[in-house]
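Here is what each chain is made of, one letter per residue.
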Amino acid sequence: MSRIGKLPIPIPASVKVSIGEKEISVEGAKGKLVSPSFEGISCLEKEGQIVLTCEETSKVFRARHGLARALIANMIKGVSEGFTKKLEIIGVGYRVQLSGNVLNFTIGKSHPVLFTVPKELSVTVSDPTHFEISGADKQLVGQVAADIRSLATPEPYKGKGIRYEGEYVRRKAGKSVG
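Report on the accompanying structure. Source: prediction; values computed, not measured. (Residues numbered from 1 in each chain as written. Predicted model: local features only at pLDDT ≥ 70, side-chain atom pairs only at ≥ 80, totals over all residues. Heavy atoms only, no water.)

**Notes on the environment of Phe-38**
Phase 1: With respect to the secondary-structure elements, Phe-38 resides in the loop between strand S4 (31-36) and strand S5 (41-46).
Phase 2: Here Phe-38 falls in the partly exposed class, since its relative accessible area comes to 24%.
Phase 3: Each C-alpha atom of the pair Phe-38 and Val-123 lies 32 Å from the other, and the pair is 85 residues apart in sequence.
Phase 4: Ignoring sequence-local partners within four residues, the contact set of Phe-38 consists of Arg-64, Leu-67, Ala-68 and Leu-71. (Helix = DSSP H or I, 4+ residues; strand = E, 2+ residues; numbered from the N terminus. Buried < 20%, exposed > 50% of the residue type's maximum accessible area, 1.4 Å probe, protein only. Contact = heavy atoms within 4.5 Å.)

**Focus on the packing of aromatic side chains**
Phase 1: Enumeration over the complete set of coordinates arrives at one aromatic pair.
Phase 2: Their ring planes at 65 degrees and their centres at 5.8 Å tell us that Phe-105 and Phe-131 sit as a pair that is edge-to-face. In this pair, Phe-105 is assigned in strand S9 (residues 102-106) and Phe-131 in strand S12 (residues 130-135), connecting sequence segments 26 residues apart. Both residues of the pair, Phe-105 and Phe-131, belong to the buried class.
Phase 3: The aromatic ring of Phe-61 is capped on one face by Arg-64, whose charged end is 5.3 Å from the ring centroid.
Phase 4: Here Lys-85 stacks its cationic end above the ring of Tyr-164, 5.2 Å away from the centre of that ring. (Phe/Tyr/Trp six-rings, centres within 6.5 Å; stacked < 30°, edge-to-face > 60°. Lys NZ or Arg CZ within 6 Å of the ring centre and 35° of its normal.)

As C-alpha cells, then:
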C-alpha cells in the first residue's frame, strides 16, 4: 500500500467534489478542474473527506494510488487557494510588459519576445523586472513558468536571464589573464 495514497483528503466547505465513474471534478472559488479516474483505484467521499483505496496489489497500481491522491489533493488546493509562481528578470535593459494576455519581453535579443498566456491563468506584473503567474491548475502554472524561464535561462557568468524568485544561479569565474 502507498503511504501517501492511504491518507484521506479533507474537503474544504467552499469546494464541491463530484465523483463519477470515468472522472472526478472539483469546483471552487478559483475555478473548476476535471481529472480522469485511475484504473484500479476507487474513490469514495465520506464525512467531508475523500478516501482512495487500491483494488489491485501490483507495483504499478500501488504507485498509481499515491499519484491519484496527490493529483486530487492538488486539484482541491488549486480551486480553493490557487497556485502561484513568482519570476524575476535580471539584466541591464531586461524588462517585461503585460498587454491583455500577452507578455512582451525585452531580454537582450534583437527583437521583443511575445508570450501568450493561457486564458486559465492570470499574470500580474508588479514592476518591469518582477511578475507572477497564478491559477488553479498546478501543472499548467508550473509548465507556463518553465516555458517563460526557457526564453532566457539564467547564464552562469553574469547571471542575466529569467529565473524563479529566490532561485540560486551558480556563478562561474570569467577568463583569467596570465
